[in-house]
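Residue-level listing of the chains:
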Amino acid sequence: MRVLVLALAVALVAADQVKVAPEFAVGKTYSYKYEAILLGGLPEEGLARAGSKIRTKVLISALSADNFILKLLDPELFEYSGIWPKDDFIPANKLTSALSAQLMTPLKFEYANGVVGKIFAPAGVSASVLNIVRGILNMLQMNIKKTTNVYELQEPGVQGVCKTQYVITEDAKAERFFLTKTKDLDHCQERIIKDIGTAYTEKCPECKTRGKALMGTAAYDYVMKPSETGALILEVSSVELIHFSPMNFLNGAAQMEAKQWLKFEEIQKSPVEPIKGEYLQRGSLQYEFGSELLQTPIQLLRITNAEAQIVEILNHLVSNNVVKVHEDAPLKFIELIQLLRLAKYESIEALWSQFKSRTAHREWILNTIPAIGTHVTLRFIKEKFIAGEITFAEATRSLVAAVHTVTADTEALKLLQEFAEHQKVMESPVLREVADLGYGSLVWKYCVENPNCPVDLVRPIHDWTTKAVSKGDVKEIILTLKVLGNAGHPSSLKPILKVLPNFGSAAANLPLEVQIEGVLALRNIAKREPKMVQDVAVQLFMDRALHPELRMVAAIVLFETKLPMGLVTTLADALLKEENLQVSSLVYSYMKAMTRSTTPDFVSVAAACNVAVRILSPKLNRLSYRYSRALLVDGYYNPWMVGAAASAFYVNDAATVLPRSILAKTRSYLAGAYADVIEIGVRTEGIQEALLKVGDLPDDMDRITKMKRVLKAIAEWRAQPSKKPLASAHVKFFGQEIAFANIDKPFIDQITALVTGPEVQAYGRRALDQVLAGVKFNYAQPLLVAEVRRILPTTVGLPMELSFYTSSVMTAAVELQATVSPPIGQDFRPSQLLKSDISMKATFTPSVSMHTYAVMGVNTPMAQAVVVSRSKIHTIVPAKMEARLDMIKGNFKFDFLPVPGVNKIASVLIDTYAVARNVEDLAAAKITPMIPADYSPQSQTSSSMYPRMASSMNDDKVSLSSSRLCCPTFLQSYIVPSVMLFQSMPSELVIDPSGKTNKLFKIFEKTLCEKMETFGIKACVVMESRSAAFIRDVPLYHVIGKHSAFVEVTPVSGPEIEKVEIEIQVGEKAAEKIIKVIELSQDDETPEDRNVLLKLKKILAPGLKNLTSSSSSSSRSSSRSSDSSSSKSSSSSSRRTSQVADTLDPNSKTSRLQKASRKSSSSSRSSKSSNSRSSSSGSSSSRNSRSDSSSSRSSSSSSSSSRSKSKSKHHRYNMNFIKNHIHKHAPSSTRQDSKSSAQSFEDIYNKDMYLSRKVTPSVTILIRAVRADHKEQGYQIAAYFDKATSRLQIILVNLAEKNNWRICADGVKLSNHKLMAKIAWGIECKQYKTEFKAEAGIVDKQPAFRMKLTWEKLPSNMKYYAKQIMYRVSEYISRYALLTGIEQMRDRNPSNELKLTVAVVSEQSLNIVFKTPSRTIYKEDMRLPISLPIGKTASELQLYQDSWVDSIAYMVGKANAAECKVIKDTVVTFNNRKFKAELPHSCSLVLAQDSTNEAKFIVLLKRDQEHDQNMLIVKIADIDVELYQKDRVPMVRVNKEEIPVNRLPYHHPTADIQIRKSDEGISLTAQSQGLQEVYFDVNVQKVRVVDWMRGQMAGICGKADGEIRQEFRTPNTRLAKNAVSYAHSWVLPAESCRDNSECYMKLESVKLEKQMVVHGQESKCYSVEPVLRCLAGCVPLRTTTVSIGFHCLPADTRLNRADSIFSKSVDLRETTEAHIACRCTPQCA
């Protein structure tokens, strides 16, 4: 036993002495063989890949215990661009030679216990070479724990500090232990990654839970031999795999695969010696970015002389993009950008100095400078603008582009700040706004890359804001708030709060628009600190004393912070108590829209809103669309990680037609990120009023004095500020505001003065002179549309890059010259051109070339090995035209001349390829198409069984049973449908490993051509496609491959077309331009000619007389009545007549077709008639069988009930349209028999089939191709108008000989209430025909009109598209039927007819029925935004008959006016709230008034209780109008002077005011003053105000703002609790009992007669609402009770009369007496 214990102890001691940490002994040199491969492409074999390979020998020697030296021997570099795995790596000998010195330079590094520390290298070693060495050292990185064999930790490495899993196993017999470590590159504490161009995108963590676009992992396997001093690393292998797809890598992804091998060879005794030179610390094991950040992966440039290369490319771009754009111009433009990025600033200045005087070169330089993307761009713009070398427009244009492409660093921020604060920039408002907004954007981008960005960056903006607030400069404050919003720095919250109510003292003196801008500026801050913004926004929203619009904007911002469930519930609870319906409507509609959201980032908010909507729905679900609304539409497709969202906010503060503001935004989702692409906001405060109001009121002192006297009498009156005519708009791209504009009166005045000023006229004259002299210019606009890059290191030490580039170049060459006869003199006026003969020659050649590159692979300044998907688009559409406009003779001629040498007008090429190249041997670059031309699935070793299966299926045509034998059971469900499809598919099928059925590789080719022989043009679209979709049917694989398409326009074979000519002749000379005269065919002859032929037929065929006459009569009777009992005999006789007619005229094919059509129509009518009779008899038998039994009675009762309901619904859908007019063309003897419109039309048509025989054309249009052989070819359009018959005819004919194809359009005005038209086309206009009829009538005694479209035969494609359109419309209506109130039902209507019937319900509503062959669509009581000119409106429009603009304004205003009505002592307010209150006797009350400071009008109501009469007093402009009754007759007085009714209407001499008799009363209109109408009669009084006055009203009628919950607003804006107190608060009290108004009352605060105990103490209470009481010396005759609020004070406290009691709070509510009639004693003073 002791021996065993001793043995165990010795073993434990020995084991403890064995070290497993790697060790390199001092004095020894360890030699390893190293190889690394990096390949990128699709994972399938047989496709192209691109990559690099490194092979070398590694020597490691110890300098001390923790310091080592590493040297590479015989390094070799290889490139790969070929078909994997068939092709081999190619040695890059020249690159190896160029880098061998750096690669073989010994490097020092720290290494202890398997952990690599600092790395030291000479300065001559480039960052790229050093990163390759880091990839080798990364294989030596190990964190070995002695206590456990399985563990994980965050381990530093080349890719960063990432989650690493360790598993250690031991083979004691072999004296080896094995270590496996795996890195999860998606879970890193510090991931080394560089993003460029993504600063404006936001990460979407919720999106990544549903799928990932980028995923990487790495695994390392170690074989080590332990020893007492340390473990020897024998072998290391690693593999790293990175998958990327923009649409979720699970649906197919490209991959980057890295493999490394490090194998021990021997131990050498000779040490590795460092070089003689200084070793600098060059970081640690983690990858460091170098010059690859400036290197574009699209092309590799060898820079020998940067300045000369820049000049060469610049000259190439200028010279090759003049007349048309060069196809490779975008690539050359990117090359120019690349060279400028690498050039020194001095070189750029020298380039500018050399070419700034050359216009074309100057433009190219200024367009390229912003794309450089470094602080050099800002330095250039700043220095050149201050020096005056670039203009204001050039600086603005360049700066707008630069601030969004420049990399944000401290140098760029400093330059832009200095530029924005420069005096020259401050003097230019537009440039200053661009600079300031750009500075905010730069701060945002800087903070994205540096999360701990300092406050000093935004301190200048804070200083600008503080200075602007202290000055009260509104425009300056708004600008600085927008800049703070762009910056989005959390420290900016404090200065923003200064302009917000309840947070800053300055907010009270700032207008509403400033406060709203402050709230909107919080949105970008919310992206970083949502909790901070939530706290502010919630407080603003919950404060009901704030303006509703401000609260709504706060709610919008609040929802963008992704509210938690608690806050959403808080908002819902607040809405239950909310009194403002605008706020309630917007927030509720936003919540309701949010419940349908499918985007991942708002899933939690949508769930919370779903609960909130259930709480709020019973109360808020039926609010009108005139209240504020939020709309949200979004969609997200999880398999592709793609989505889009659009939101719009309609913000209003009064229910007007135009909203107060509109905010719309779109958002896109892609690859686990989202971006707010574009946002547009518009505010329209005061615009509606400015458009409809006739201008400012005159400053008439008498008028103002009178108005103020009335307003002063109202207790505690508070006026609203007048709306300033203002509109503002802003535009945001990717969350950054780039432009905004405020449009107010000064701005409009400046624009008006500029347009009408002499400068514009002089400029116009100069432009005209240039055109007359000849203008020729070329325009080129290059643009780097997108540059998005992500660079991340691989285990090899080479960077992997994912890039997306889009570059475009647009050019336009313009030549224009004109001549005018007679010549223009010095006193030229534009109207002279209307009396001139103008000739013009113009050539316009626009062209565009655009390249898009998607790149994945290795990108370094030395070498590139990338997979590129490239898209090239090129278009050129040249045009050459000559025109002559003879304004006097009415002749307009346009000649379009051919442009030789341009056939291909558009081309698209998309290809994917692998490319490998190095800077030392660019000529040896190898490009391999992604899919080889000889690709076949047999080349895929992993899929060898699938072609064999497919071929056996093809040869044997296997059945369902045999298919079960060829594959596993889980594939049978996929093979069964594939076998079914196989026989119909020309290509083979292949089953991929996922079990999906795909076609084998096949090239898709298609050519579509269309000839326009008339104009000698042939257009072809040629398409060719070969993609990898046969491998996997996913979006990414559909793109991979080669796709091309081009549009080619060539002349057709035949005579040459010299030009295409369009000539228009108007007036008397139109007949002279007629080329082809239409001749009548036999079927087109008039009835008189037919009678002659009929006599000839009778002579030739004597036995046919009775037969012909009988067929003729039966045909006519059949056409007139579908219910005729002789329809059967009629149709049979028609058949016999057809046979006879065909015998007489065997060539009449068209006649037979028409008769066959009539036969079909006749049989159809006969079947309908028989169906009707059978239905009637069926109903009769049903009624006779009702008494058979009780059960049958029950059944009959049920069916009768359903029939009655169906009949009622059917009656609604089938309006009983009655004609109420007579055709003016019908003879007087036939008018009484209601001759049909079709017959009247046919009479006119048959009398003169073609008006060309009767009248000359009014307009002739010739569209023809001028041929070399001078033959006519083209089209002729002639329009004829016959005044006698009110008939318009348009004929289009083909000018070619023996071509009888034409279009005939005829329209006739049959009466003042009926129009009819016929359009026929085809051979002699006989193949196809449609008829259109529009007529007026009545439906249920109301005006109506009906439109009907019928057809006999239509082309098949027209029928197809018509059915598709009707189907889409029907689906749309079905989807939104509940929201829109539209109903539809399936119906059997005539199969060749569309009918629309519209009946007028009132002046502002319609009933509409639309019938298609299969459906009937119905909308009842559809409201109109305009009042129809019928009835009363028609008579009112007579005042505006001289101006159609005023007429339309009146109709719009009347339709949207708000109405208040008074019937005795009952009032119906503008918001349609009805109440009854005892009104005081003989006292005037403010019924309605303009509550703004302008006080445009006041309407007073005076109630005479004794005679039960009301009187209205209107104070408007400089007149007082009294409307009263005398002996039950309405009367009117103007300025105390009575105007008899027979002298009406009365027109104000200067203002737009009219008084007229209307119905049973008198009405006053003053629309431009805000009064639509004041109506007075003995029973009812009405006040109607225009729409733009909504929300600006006051008085008993309310504010007209739609807020019915806040209707009872008193003059001091307090909300009364009852109607009596509310009405009495608007009484105009008397000054003394001697007042002529006989109103002996006043409003005062009354003391509660009893003392109350309030808050535990005796108190005396005073009313905070005024109460009507008799004047001193007067006694009440009538009283009423009123419940009012009281404010209480301690009983021993004196009331301070200096403080208004009416502004105190309400402590309790009690009932008191109000006097409504008083009598004064004679002693009253």
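About the criteria used
- Residues numbered from 1 in each chain as written.
- Predicted model: local features only at pLDDT ≥ 70, side-chain atom pairs only at ≥ 80, totals over all residues.
- Heavy atoms only, no water.
- Pairing = 2+ DSSP bridges.
- Helix = DSSP H or I, 4+ residues; strand = E, 2+ residues; numbered from the N terminus.
- Salt bridge = Lys/Arg side-chain N within 4 Å of Asp/Glu carboxyl O.
- Buried < 20%, exposed > 50% of the residue type's maximum accessible area, 1.4 Å probe, protein only.
- Core = buried A, V, L, I, M, F, W, Y, C linked by side-chain atoms within 4.5 Å.
- Patch = residues over 30% accessible without salt bridge, like charges linked within 9 Å, V, L, I, M, F, W, Y side chains within 5 Å.
- Areas by Shrake-Rupley, 256 points an atom, 1.4 Å probe, with all protein chains shown as cover.
- Axes fitted to C-alpha atoms, helices over the stretch in contact; angles between N-to-C directions.
- Contact = heavy atoms within 4.5 Å.
- pLDDT = per-residue confidence, 0-100.
- Expected span 1.5 Å × (residues − 1).
- Disulfide = S-S within 2.5 Å.
- Parallel < 35°, antiparallel > 145°, perpendicular 65-115°, else oblique.
- Nonpolar A, V, L, I, M, F, W, Y, C, P; charged D, E, K, R; others polar.

Engineer: Describe the pairing of strand 35 (residues 1057-1066), and please don't skip the residues or the numbers.
Structural biologist: Relative to strand 35, strand 27 (residues 891-897) runs antiparallel, the two being bridged by six bridges. The residue of strand 35 that forms the bridge with Lys893 is Glu1063. Note: strand 35 against strand 37 (residues 1259-1267), nine bridges, orientation antiparallel. Paired with Val1060 across the strands is Ala1265, a residue of strand 37.

Engineer: Can you tell me about the pattern of salt bridges, naming the residues and giving the values?
Structural biologist: Scanning the model with the defined rule gives 70 salt bridges in all. Here Lys1059 and Glu1061 are joined by a salt bridge, their closest N and O atoms 4.0 Å apart. The class for Glu1061 is buried, based on a relative accessible area of 3%. Asp1520 is the salt-bridge partner of Lys1515, the closest N and O atoms lying 3.1 Å from each other. Overall, Lys1515 belongs to the buried group, its relative accessible area being 14%. Each member of the salt-bridge network shares a partner with another, and the members are Arg523, Lys527, Glu560, Asp601, Lys665, Arg667, Asp676 and Glu679.

Engineer: Before we move on, can you summarise the nonpolar core with the specific residues and values?
Structural biologist: Across soluble globular proteins, you tend to see nonpolar side chains buried next to one another. Within the largest apolar cluster, 102 residues are counted, with the highest numbers of intra-cluster contacts made by Leu378 and Leu399. The element that contributes the greatest number of residues to this core is helix 13 (residues 429-449), accounting for nine residues. Residues Ile1519, Val1532, Met1652 and Leu1708 belong to the second largest nonpolar core, which totals 86 residues.

Engineer: I'd like a description of a nonpolar patch on the surface, backed by residues and values.
Structural biologist: A cluster of nonpolar side chains, contributed by Ile743, Phe747, Ile748, Ile751, Leu754, Val755 and Val760, occupies part of the molecular surface with about 550 Å² of accessible area. The greatest single-element share of the nonpolar patch, amounting to five residues, is contributed by helix 26 (residues 745-756). On the secondary structure map, Ile748 appears in helix 26.

Engineer: Please set out the sheet that holds strand 67 (residues 1674-1690) residue by residue, giving values where relevant.
Structural biologist: The four strands lie next to each other as 64-65-67-68, forming an open sheet whose pairing is antiparallel. Looking at the sheet topology across the chains shown, the edges are occupied by strand 64 (1652-1654) and strand 68 (1708-1720). Direction aside, neighbouring strands of the sheet carry axes that sit 50° apart on average.

Engineer: For the side chain of Ser1563, give the residues involved together with the corresponding values.
Structural biologist: Along the chain, the position of Ser1563 falls in strand 59 (residues 1561-1566). A relative accessible area of 0% places Ser1563 in the buried class. Leaving out residues up to four positions away in the same chain, Ser1563 has contacts with Gln1554, Ile1555, Arg1556, Ser1558, Glu1573, Val1574 and Tyr1575.

Engineer: Could you give me a rundown of the confidence of the model for the chain, with the residues and numbers involved?
Structural biologist: Within the chain, residue pLDDT values average 81, and 83% of them lie at 70 or more. Mean pLDDT values for the elements of the chain range from 33 in helix 30 (residues 972-982) up to 96 in strand 1 (residues 29-41). Low pLDDT (under 50) marks residues 694-699, which in the prediction has eight contacts with non-local residues, meaning those over four places away or in another chain. Confidence drops under pLDDT 50 across residues 938-999; counting only partners more than four residues distant or on other chains, this segment forms 70 contacts.

Engineer: Tell me about helix 15 (residues 474-487), and please be specific about residues and values.
Structural biologist: For an α-helix, 3.6 residues make a turn, and residues three or four places apart therefore share a direction. Along its 14 residues, helix 15 runs 20 Å from first to last C-alpha, staying within 8% of the 20 Å computed at 1.5 Å per residue. Most of helix 15 sits out of view: 12 of its 14 residues are buried. Gly488, located one to two residues past helix 15, shows a positive phi value of around 65°.

Engineer: With reference to specific residues and values, describe the state of the cysteines.
Structural biologist: Two cysteines joined by a covalent bond between their sulfur atoms form a disulfide. Under the counting rule described, the total for this entry stands at 10 disulfides. Residue Cys1009 pairs covalently with Cys1020 via a disulfide, S to S 2.0 Å. Judged by the torsion about the S-S bond (110°), the Cys1009/Cys1020 disulfide is right-handed. Here the residue Cys1009 occupies a position in strand 32 (residues 1004-1012), and Cys1020 occupies one in strand 33 (residues 1017-1027), the gap between them amounting to 11 residues.

Engineer: Any details on the sheet that holds strand 52 (residues 1497-1504)? Residues and values, ideally.
Structural biologist: Pairing is antiparallel across the open sheet formed by seven strands, whose spatial order is 56-55-54-53-52-51-62. The sheet is open, and its two edges are formed by strand 56 (1537-1539) and strand 62 (1593-1594), each paired on a single side. With five bridges joining them, strand 53 (residues 1509-1516) and strand 54 (residues 1519-1526) adopt antiparallel strand pairing. Of the residues in strand 54, the one forming a bridge with Val1514 is Val1521.

Engineer: For the packing of helix 26 against helix 27 (residues 758-773), give the residues involved together with the corresponding values.
Structural biologist: Think of two packed helices as two axes; the pair is described by the angle between the axes and how far apart they sit. It is the contact of helix 26 with helix 27, at a shortest axis distance of 4 Å, that shows an interaxial angle of 40°. Between helix 26 and helix 27, the crossing angle belongs to the class labelled oblique. Packed against helix 26, whose contacting residues are Leu754, Val755 and Thr756, the element helix 27 presents Pro758, Glu759, Val760 and Gln761 at the interface. Across the contact of helix 26 with helix 27, the residue classes break down as four nonpolar, two polar and one charged.

Engineer: So what's going on with helix 3 (residues 127-137)? Which residues, and what values?
Structural biologist: Helix 3 sits mainly inside the fold: 10 of its 11 residues count as buried. Buried residues of helix 3: Ser128, Val129, Leu130, Asn131, Ile132, Val133, Arg134, Gly135, Ile136 and Leu137, and no others.

Engineer: Tell me about the environment of Tyr1450, residues and numbers included.
Structural biologist: Relative to the helices and strands, Tyr1450 resides in helix 41 (residues 1444-1455). Overall, Tyr1450 belongs to the buried group, its relative accessible area being 3%. Counting along the chain gives 122 residues from Tyr1450 to Gln1572, while the straight-line C-alpha distance between them is 8.5 Å. Not counting chain neighbours up to four residues away, the residues in contact with Tyr1450 comprise Glu1436, Leu1437, Tyr1440, Arg1556, Gln1567 and Gln1572.

Engineer: Explain unusual backbone geometry to me, using residue names and the numbers behind them.
Structural biologist: A cis amide bond, omega 0°, links Ser821 with the succeeding residue Pro822. In this structure, Pro822 sits in the loop between strand 23 (799-821) and strand 24 (837-859). Of note, the amide linkage connecting Leu1544 to Pro1545 takes the cis form, showing an omega dihedral of 10°. Along the chain, the position of Pro1545 falls in the loop between strand 56 and strand 57 (1546-1547). The phi dihedral of Asp1527 falls on the positive side, at around 55°, and the residue is not glycine. The class of Asp1527 is exposed, set by a relative accessible area of 71%.

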